[in-house]
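Observations on chain architecture
For reference, the chains in residue letters:
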Amino acid sequence: MEGIFMYIRPEQIAEQYEMEVKSISKGRDCFLCETDLGMRALKEYRGSVERAEFLAGMLDFLKEQNIVAEQIFYTKEGEIFARDEEEQNYLLLSVFRGAECDTKSREDMVYAVRLLAGLHNATEQYPDEVPEFVKMNPNALLLLYEKHNRELRQVRNYIRGRKQKNEFEEMFMRQFAGFFEKAQAGTAVTEQLQNMEICEELTGFCHGDYNQHNVVFSREGVAVVNFLNFSYQIRVSDLSNFVRKMMEKNNWNTSLGMELIGAYDSVRKLKPQELSYLYFYLAYPEKFWKIANHYSQSHKAWLSGRNTEKLSKVVAQEGAREHFLQTLAGKVENRI
């Protein structure tokens, strides 16, 4: 019965739109609908009507700026989202068929980062007032790092109290002091950077989750998708997020990292303060925290060897990460 319900629910939602549905399948965090108008995606949406309508308008604006991006469609009744029987809201979005940005292809990654710079340039032309509901707290990065640091301490304290430690816990305790010192140092400098005037100067529209999965090489062009985390914040956070993910996939290859930053800079010139922010975004040991957080959320008795492998990889990559950060620090000093 549950399987039938799961099949009927997206059909009932799709019926609220002006399209003929041929088939529906489960995609990544969505229902994929093959329709007479092309492929569409139904995604759960938990935000406000105002935010959804703003996002639809922004995506239309980006299309006018020649950015290939997904579009949001209105229902037959002119509503921005449809509802199922449980009053859950859904957005209907266009889908681009193609290959995601390949993290083993330098050409793909460089293209994606240039595209990001172009996206940021395009949003600067947005003519309307920025709504309050998309503005992020200017201290968001500092608050995030402080939260991460508290969570790292909690994991450390929990493991320290265990009499019998497994392989992951022993390794975590050996590595904790060194990584936590870097986390604290990054947090302290970030606090110094929280100058309101500088923050306002560096703030702009951000994709909010710019990574390899959200850049699609399609027949319609290289498309940017999944704008549901779209926000107004320190713009270089987008670049930082993308560069960090590419570097983690490529053993923190210094030449790759500098090429990616240079490619962005060639399309949208980075201010000295933005380079400083970029450095401190990347200097925080994010992956170490992420592994610790996953451990704290997991069932400790079922802890898999995968966590140990991931932690070993982070430790093994730290020398390469430090080399990249030193090189980036030199670029920051030269720009200042």
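The rules we used
- Residues numbered from 1 in each chain as written.
- Predicted model: local features only at pLDDT ≥ 70, side-chain atom pairs only at ≥ 80, totals over all residues.
- Heavy atoms only, no water.
- Helix = DSSP H or I, 4+ residues; strand = E, 2+ residues; numbered from the N terminus.
- Buried < 20%, exposed > 50% of the residue type's maximum accessible area, 1.4 Å probe, protein only.
- Axes fitted to C-alpha atoms, helices over the stretch in contact; angles between N-to-C directions.
- Parallel < 35°, antiparallel > 145°, perpendicular 65-115°, else oblique.
- Left-handed = near helix turned anticlockwise from the far one by under 90°.
- Contact = heavy atoms within 4.5 Å.
- Nonpolar A, V, L, I, M, F, W, Y, C, P; charged D, E, K, R; others polar.
- Core = buried A, V, L, I, M, F, W, Y, C linked by side-chain atoms within 4.5 Å.
- Salt bridge = Lys/Arg side-chain N within 4 Å of Asp/Glu carboxyl O.

So, on to unusual backbone geometry. Even without being glycine, Asp-29 reaches a positive phi, approximately 60°. The residue Asn-251 is not glycine, and still its phi comes out positive at about 55°. Here Asn-251 is to be found in the loop between helix H7 (236–249) and helix H8 (254–267). Among the residues examined, Asn-251 registers a relative accessible area of 44% and is labelled partly exposed.

Right, let's talk about the packing of H7 against helix H9 (residues 272–283) for a bit. At a minimum axis distance of 9 Å, the contact between H7 and H9 shows a crossing angle of 40°. The orientation of H7 relative to H9 falls into the category oblique. Judged by the twist between their axes, the crossing of H7 over H9 is right-handed. Residue-level contacts link Val-236, Ser-237, Leu-239, Ser-240, Val-243 and Arg-244 of H7 to Glu-274, Tyr-277, Leu-278, Tyr-281 and Leu-282 of H9. Considered class by class, the residues forming the contact of H7 with H9 number 7 nonpolar, 2 polar and 2 charged.

Within the largest apolar cluster, 82 residues are counted, with the highest numbers of intra-cluster contacts made by Leu-62, Leu-152, Phe-172, Phe-227, Leu-239 and Phe-324. Counting residues per element, this core draws most heavily on helix H3 (residues 106–123), which supplies 9 residues. Beyond its immediate chain neighbours, meaning those up to four positions away, Leu-152 contacts Phe-172, Phe-176, Phe-180, Ala-183, Tyr-284, Phe-288, Trp-289 and Ala-292. If you look at the next biggest cluster of nonpolar residues, it comprises 11 residues, including Ile-13, Ala-14, Met-19 and Leu-42.

A few words on the pattern of salt bridges. Within this structure, the stated rule accounts for 17 salt bridges. A salt bridge links Arg-235 to Glu-124; the shortest N-O distance between them is 3.7 Å. With Arg-235 in the loop between strand S11 (231–234) and H7 and Glu-124 in the loop between H3 and helix H4 (140–160), this pair connects stretches of sequence that are 111 residues apart. Taking the relative accessible area as the measure of exposure, Arg-235 reaches 6% and is therefore buried. A salt bridge links Glu-248 to Arg-244; the shortest N-O distance between them is 3.1 Å. Here Glu-248 and its partner Arg-244 are both found in helix H7, 4 residues apart, which amounts to about one turn of the helix. Across this residue pair, the class does not change: Glu-248 and Arg-244 are buried. Look at the salt bridges and you will find they share partners, linking Glu-124, Arg-235, Arg-268 and Glu-274 into a network.

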